Amino acid sequence: MGTITALPREVLIKGGMLYDPITRESRKGDVAIKNGRLTEPGEIGADKAKVIDARGCIITHGFIDIHAHFREPGREDKETLATGSQAALAGGFTRVCVMPNTDPPIDGPEGVRFILERSEDLPVAIHPVGAVTKGQRGKELAELLEMKAAGAVAFSDDGEPVQDGQMLRRALYYTRDLGVPVINHAEDVRLRAGGVMNEGALSTRLGLPGNPALAEASMIYRDLLLAEDTGSRLHVPHVSTALSVDLVRHFKERGVTITAEASPHHLGLTDEAVRDFDTHAKVAPPLRSEGDRQAVAGGLRDGTLDCIATDHAPHTVEDKEQDLIQAPFGMIGLESAFGMAHTTLGQMGLSTEQVIDLLTSGPARVMGLELTPLEPGETAELVVLAPDEEWTFTREDIHSRSRNTPMLGMTFTGRVRATISRGSWFTCR
Amino acid sequence: MSEPTVSLRHLLGLEGVSAQDIQVLLETGFSFREVLERPIKKVPTLTGISVVNLFFEGSTRTRISFELAEKRLSADVTNFSAGASSLSKGEGLKDTIQNIHAMKMDAVVMRHPVPGSTWQLSQFVDAVVINAGDGTHEHPTQGLLDMMSLQEKFGRLKGLKVGIIGDIAHSRVARSNIFGLITMGAEVTVCGPGHLIPPYIGELGVAVNGDIDEVLTWADAVNVLRIQRERMADGIIPSVREYRSRFGITNERLARHRKEVVILHPGPMNRGVEIDSDVADGDQAVILDQVLNGVAVRMSVLFHLLGPRESEGEPPLHPEEET
Ligand SMILES: [Zn+2]
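Residues numbered from 1 in each chain as written. Chains lettered and ligands numbered in written order. Predicted model: local features only at pLDDT ≥ 70, side-chain atom pairs only at ≥ 80, totals over all residues. Heavy atoms only, no water.

Side note on the overall build of chain A
Rule in force here: A helix here means a DSSP run of H or I that spans at least four residues, while a strand means a run of E at least two residues long, and both kinds are numbered starting from the N terminus. Atoms considered for the radius of gyration are the C-alpha atoms alone. The globule rule reads 2.2 Å times the number of residues to the power 0.38. To sort residues, take the accessible area from a 1.4 Å probe on protein chains only and compare it with the maximum for the residue type: under 20% means buried, over 50% means exposed, and anything in between is partly exposed. Residue contacts are defined here by distance: any two heavy atoms, one from each residue, within 4.5 Å place the two residues in contact. Per-residue and other accessible areas were derived by the Shrake-Rupley procedure at a 1.4 Å probe size, with only the shown protein chains allowed to occlude residues. A residue counts as positive if it is Lys or Arg and as negative if it is Asp or Glu; His and the chain ends are not included. Lys charges are placed at NZ, Arg charges at CZ, Asp charges at CG and Glu charges at CD.
Of the regular secondary structure elements, chain A holds 14 helices and 21 strands. A globule of 429 residues ought to have a C-alpha radius of gyration of about 22 Å, and chain A, at 21 Å, matches this closely. With respect to the three principal axes, the spread of C-alpha positions in chain A is 65 × 45 × 45 Å. Buried positions account for 63% of the 429 residues belonging to chain A. Excluding contacts between residues fewer than 6 apart, the proportion of contacts in chain A whose partners are at least 24 apart in sequence is 77%. For chain A, the accessible area works out to roughly 15,400 Å², and carbon and sulfur atoms hold 47% of it. Charge centroids of chain A, computed over 45 positive and 62 negative side chains, lie 1 Å from each other.

Following this line, the structure appears as structure tokens:
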């Protein structure tokens with residue numbers, strides 16, 4: 001629950017702890033914002049300023065999500081850049097990289113410019129990801145250089161893997177000097193077959209087509225070999241299996257410059273969520289076994305995986321009230337990301353600061369984005385977190401246009417109290 | 001003495017159904033079996049109860065068996081059959097659910113190609129839901145009639161050694177048999193081509209053995225699954241010849257085993273593929289008993305899910321509304 005409004009002229013965040021993910025230092029102190037910029041607390045009138053009581057809270061850099069689907073253009077009934085931005089802000093995010101599997105896909109500079117123009121005045125910064133191939137069909141290389149020049153921060157055919165190894169190899173060579181990653185949704189579609197959930201004891205019980213862990217791992221293995229071969233930047237999205245974590249670790253040890261992400265739902269849920277044939281738990285790659293879940297969390301803990309990314313994938317009610325075979329893959333994730341990640345990684349022994357790193361400096365490094373320093377004079381790009389607050393995730397917490405998530409009713413530890421970004425703020429009731 | 005009752009509201013699968021409930025369903029099945037042997041086979045148990053048979057997948061046998069069971073119990077029966085085409089036209093589950101709701105049916109017997117569809121239906125309608133086969137998930141009344149046939153033949157299920165032969169991966173019959181038989185204390189071994197045995201099947205409490213002759217030596221009874229012709233068209237099973245020689249229940253193969261292994265088949269049979277005609281029609285087969293037991297055990301299921309409520313003096317499921 002919470003509201004998104006224009007940022008007051010003066011805001012004072014009192015009594016909290018400031019954590020800077022750039023320097024990785026914490027200090028006690030009030031944070032003052034005047035006209036959207038950080039300033040010294042003495043610079044604002046204590047009586048006029050809006051005051052946030054931040055006792056017990058951590059104030060830090062706004063989160064960065066490098067993997068979201070905002071469905072504009074083409075499926076504005078599921079999400080738009082505007083509604084997605086609201087969801088992002090409510091989740092503590094101030095920047096979002098949007099995937100190009102829209103209708104039409106973002107596969108040229110016009111599309112990239114469209115996204116940037118449409119998001120100019122939004123409360124979060126939107127960074128477009130361009131398609132690797134024209135129409136995301138995997139047949140012809142898209143205009144990667146023009147898209148980069150227009151502002152694309154990465155390339156991906158996400159939603160569908162680049163099946164053709166030669167195509168991906170060419171894309172990697174072609175982008176080697178650009179310094180931006182190619183992101184390949186890693187699943188061998190033939191091995192995945194018609195899998196709608198993780199292949200395991202539960203899929204066997206339910207008689208549902210299973211998607212084996214090796215469908216992901218074998219594709220990741222191929223992609224990592226291509227990254228090593230080309231020397232280009234490859235980023236592995238939504239790693240979901242223990243096998244995949246091992247592979248990424250192995251190639252990092254070999255010195256290959258790869259990065260990888262994990263999604264909150266793979267940290268906090270297992271295939272048990274599909275037990276009652278819940279289409280909201282149908283996601284690609286699927287929710288896996290408890291062993292996989294722990295391995296992915298372990299990968300974030302030891303640095304094998306670089307960041308958390310939501311894979312926020314809105315779908316309509318009608319889409320998700322179909323049966324499990326017909327319903328599309330994906331769940332929304334922005335509003336629940338911090339709660340879910342902080343809760344499950346906290347149980348694995350990670351500190352709140354480490355979780356913050358995985359949502360700020362980690363994703364920034366992957367995408368080559370600069371964090372905004374938490375210094376007077378800089379733009380206020382902040383999130384206020386209550387790390388000890390227990391809360392139950394409900395429909396009222398959802399700001400997305402869609403509400404497809406299996407997490408409703410879950411209790412999390414750690415909540416976003418406020419987000420300040422680009423002249424707007426979200427405050428939690 | 002009061003009638004034994006079951007703790008189930010719906011019959012969606014045999015997974016999780018208690019041994020006691022299965023026992024009651026089978027025992028009542030045997031009582032109805034006697035009714036079916038009488039000259040007048042109809043009882044008034046479900047008079048005034050409306051049942052719809054909703055078949056989204058062709059299955060003459062199961063539909064007729066349910067229909068017969070319903071009519072023998074004097075229920076009002078409505079049939080709705082729609083091929084997969086109506087599903088692809090977008091007749092989604094939601095519409096089905098709402099239609100059932102609007103029609104104020106007391107019970108829905110549903111066959112649907114998607115696993116879990118009957119479970120989803122049960123979440124949204126007031127009616128009792130009976131799963132007549134949901135994709136590759138479960139076919140609980142088939143599991144019950146198979147157990148009834150075994151019980152009839154051996155007088156027990158506990159400790160019985162049962163082989164399930166064929167395409168385990170795509171078989172709802174296999175799953176319902178496994179869940180039911182394991183609950184009842186039987187031992188189950190699955191046997192078939194390696195790629196049609198799900199890799200995690202052992203976690204359901206069964207043994208896996210790819211050698212049909214070893215399974216026949218071990219088993220008291222084998223349940224022979226139908227091999228779908230599509231598996232051959234897809235190139236998943238190389239040939240009838242190879243399947244028959246490696247996994248087929250042939251006369252020569254049975255002759256090599258001294259023991260009289262009881263043969264079950266859920267039908268419809270591919271004679272000459274998974275089972276020889278001579279075997280299917282021979283003394284070891286109980287395939288026709290299965291058909292009769294199917295009607296009896298479906299009567300039992302309908303009786304327990306729909307009948308006892310009224311005999312206990314509770315109000316009818318849908319009292320007449322004042323207008
Ligand atoms: Zn993806």
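Still more to cover.
Concerning the coordination of the zinc ion
Residues and elements named next belong to chain A. The following threshold applies: Shown as donors are all N, O and S atoms within 2.8 Å of a metal ion, widened to 3.2 Å for Na, K and Ca; because water is not in the atom set, sites may appear incomplete.
Within the protein, the atoms that donate to the zinc ion are Asp-158 (OD), His-185 (ND1) and His-238 (NE2), at distances of 2.0 to 2.2 Å. Considered as a linear motif, the donors of the zinc ion on their single chain read D-x26-H-x52-H. Remark: His-238 occurs in the loop between β16 (234–236) and α8 (242–253) and Asp-158 occurs in the loop between β12 (154–156) and α4 (165–174); sequence separation between them is 80 residues. Of the two residues, Asp-158 and His-238, both sit in the buried class.

Some points on the interface of chain A and chain B
Quick reminder of the rule: By definition, the buried area sums, over both parts, the 1.4 Å-probe accessible area that each loses when the two are put together. Each salt bridge in this description consists of a side-chain nitrogen of Lys or Arg and a carboxyl oxygen of Asp or Glu lying within 4 Å of one another.
With 18 residues of chain A at the contact, the number on the chain B side is 20 residues. Here chain A packs against chain B, burying approximately 1,600 Å² in sum over the two surfaces, 57% of which is carbon and sulfur. When the area that chain A buries against chain B is broken down by residue, the three leading residues are Thr-204, Arg-205 and Phe-277 of chain A, summing to 38%. Our count for the chain A to chain B interface comes out at 2 salt bridges.

Considerations on the domain arrangement of chain B
Residues and elements named next belong to chain B. Defined as follows: The split into domains, and so the bounds of each, comes from an automatic or database assignment of domains.
One can read the domain layout of chain B as domain 1 (19–138 + 293–321) and domain 2 (140–289). Of note, the centres of domain 1 and domain 2, computed from C-alpha atoms alone, are 27 Å apart. Counting from both sides, the interface comprises 26 residues of domain 1 and, opposite them, 25 residues of domain 2. Between domain 1 and domain 2, roughly 2,100 Å² of surface is buried when both sides are summed, and carbon and sulfur atoms account for 64% of that area.

Brief notes about the environment of Thr-5 of chain A
All names here are of chain A. By the secondary structure assignment, Thr-5 is in strand β1 (residues 2–6). Measuring from C-alpha to C-alpha, the distance between Thr-5 and Thr-427 comes to 8.4 Å, with 422 residues separating the pair along the chain. Among all residues touching Thr-5, those that are not within four sequence positions of it are Ser-424 and Trp-425.

Examining the domain arrangement of chain A
Residue and element names in this part refer to chain A. Our working rule: Polar contact is the term for a pair of N or O atoms within 3.5 Å; when the atoms are in protein, one must be able to donate a hydrogen and the other to accept it, and sequence-neighboring residues count only if both atoms are side-chain atoms.
When the domains of chain A are assigned, the result is domain 1 (2–59 + 375–428) and domain 2 (62–367). Of the residues lining the interface, 37 residues belong to domain 1; the matching set on domain 2 comes to 53 residues. For the pairing of domain 1 and domain 2, the buried interface totals around 3,500 Å² over both sides, and the portion due to carbon and sulfur atoms is 62%. Looking at the side of domain 1 facing domain 2, the largest losses of area belong to Arg-401, Asn-404 and Arg-422, adding up to 20% of the total buried there. Where domain 1 packs against domain 2, one counts 2 salt bridges. Between Arg-24 and Asp-357 there is a salt bridge, with its nearest N and O atoms 3.2 Å apart. If you look at where domain 1 meets domain 2, you find 23 residue pairs in polar contact (both at pLDDT 80 or more). Here the element with the most residues in the side of domain 1 that touches domain 2 is strand β20 (residues 411–421); it accounts for 8 residues.

Description of the environment of Leu-306 of chain B
Among the structural elements, Leu-306 of chain B can be located in helix α13 (residues 287–306). Sequence spacing of Leu-306 of chain B and Ala-107 of chain B is 199 residues, and the spatial spacing of their C-alpha atoms is 7.8 Å.

Things to note about the sheet that holds strand β6 (residues 37–39) of chain A
Residues and elements named next belong to chain A. How we decide: Strands qualify as paired when DSSP identifies two bridges or more between them. Between N-to-C directions, angles cover 0 to 180 degrees, with each direction set by a line fitted to C-alpha atoms, over the stretch in contact for helices.
Spatially, the 4 strands line up as an open sheet ordered β6-β5-β2-β7, and their pairing is mixed. One side of each edge strand has no neighbouring strand; the edge strands of this open sheet are β6 and β7 (50–53). Taken pair by pair, the neighbouring strands of this sheet meet at an average axis angle of 25 degrees, ignoring direction. The sheet contact formed by strand β2 (residues 10–14) and strand β5 (residues 31–34) spans 4 bridges and is antiparallel. Bridging from a neighbouring strand, Val-11 pairs with Ile-33 of β5.

A closer look at the nonpolar core
Put simply, the rule reads: Here, the term nonpolar core denotes a set of buried Ala, Val, Leu, Ile, Met, Phe, Trp, Tyr and Cys residues that are joined through side-chain atoms within 4.5 Å.
Ranked by size, the top nonpolar core spans 73 residues in total, and within it Val-96, Ile-126, Leu-224 and Leu-345 of chain A carry the most contacts. If one sorts the elements of this core by residue count, helix α7 (residues 213–230) of chain A sits on top with 6 residues. Dropping the residues within four chain positions of it, Val-96 of chain A is found in contact with Asp-65, Ala-68, Phe-70, Ala-88, Val-124, Ala-125, Ile-126 and His-127 of chain A. Residues Phe-32, Ala-69, Val-109 and Leu-305 of chain B belong to the second largest nonpolar core, which totals 63 residues.

Considering the side chain of Thr-62 of chain B
Relative to the elements of secondary structure, Thr-62 of chain B occurs in helix α2 (residues 60–72). Judged by relative accessible area, Thr-62 of chain B falls into the buried class, the value being 8%.

Describing the packing of helix α1 (residues 19–37) of chain B against α13 of chain B
Residue and element names in this part refer to chain B. Put simply, the rule reads: Crossings are sorted by hand: turned counterclockwise from the far helix by less than a right angle, the near helix makes the crossing left-handed, and turned clockwise it makes it right-handed. Under this grouping Gly is polar, as are all residues other than the nonpolar Ala, Val, Leu, Ile, Met, Phe, Trp, Tyr, Cys and Pro and the charged Asp, Glu, Lys and Arg.
Put simply, α1 and α13 touch, their axes get as near as 7 Å, and they point 115 degrees apart. α1 and α13 meet at a crossing whose hand is right-handed. Taken together, the residues of α13 that come into contact with α1 (itself represented by Val-24, Leu-25, Leu-26, Thr-28, Gly-29, Phe-32, Arg-33, Leu-36 and Glu-37) are Asp-289, Leu-292, Asn-293, Val-295, Ala-296, Val-297, Met-299, Ser-300, Val-301, Phe-303 and His-304. Residue classes in the contact of α1 with α13 are distributed as 12 nonpolar, 5 polar and 3 charged.

Concerning the side chain of Ser-203 of chain A
Secondary-structure assignment places Ser-203 of chain A in helix α6 (residues 201–206). Those residues in contact with Ser-203 of chain A that lie beyond four places of it in its chain are Met-197, Asn-198, Leu-208 and Gly-210 of chain A.

Considering unusual backbone geometry
With omega at 5 degrees, the peptide bond leading from Glu-72 of chain A into Pro-73 of chain A counts as cis. In this fold, Pro-73 of chain A is placed in the loop between β9 (63–68) and α1 (81–90). For the bond from Gly-267 of chain B to Pro-268 of chain B, the omega torsion is -10 degrees, close enough to zero to count as cis. Within the secondary structure layout, Pro-268 of chain B lies in the loop between β9 (262–264) and α12 (277–280). With phi around 65 degrees, Arg-71 of chain A is a residue other than glycine that occupies positive phi space.

What about the sheet that holds β9 of chain A?
All names here are of chain A. On the basis of which strands lie adjacent, the open sheet formed by 8 strands has the order β9-β10-β11-β12-β13-β16-β17-β18 and parallel pairing. Among the strands making up the open sheet, the edge pair consists of β9 and β18 (307–308). Note: β12 against strand β13 (residues 182–183), 2 bridges, orientation parallel. Across the sheet, the residue bridging to Phe-155 is Val-182, located in β13.

Some points on the packing of aromatic side chains
The geometry of an aromatic ring pair is captured by two quantities: the separation of the ring centres and the angle between the planes. All names here are of chain A. Test applied: Any two rings among Phe, Tyr and Trp, with Trp reduced to its six-membered ring, count as a pair given centres within 6.5 Å; such a pair is stacked if its planes are under 30 degrees apart, edge-to-face if over 60, and tilted if neither.
Using the criterion set out here, one finds 10 aromatic pairs over all chains in the structure. Ring centres of Phe-393 and Phe-412 lie 6.2 Å apart, and the angle between their planes is 40 degrees; this geometry places the pair in the tilted category. In this pair, Phe-393 sits in the loop between β19 (382–392) and β20 while Phe-412 sits in strand β20, placing the two residues 19 residues apart along the sequence. Of the two residues, Phe-393 and Phe-412, both sit in the buried class.

A word on the pattern of salt bridges
Residue and element names in this part refer to chain B. Within this structure, the stated rule accounts for 33 salt bridges over all chains. For Glu-152, the salt bridge is made with Arg-33, and the minimal N-O distance between the two is 3.0 Å. Remark: Arg-33 occurs in helix α1 and Glu-152 occurs in helix α6 (residues 140–154); sequence separation between them is 119 residues. Overall, the relative accessible area of 12% leaves Arg-33 in the buried class.

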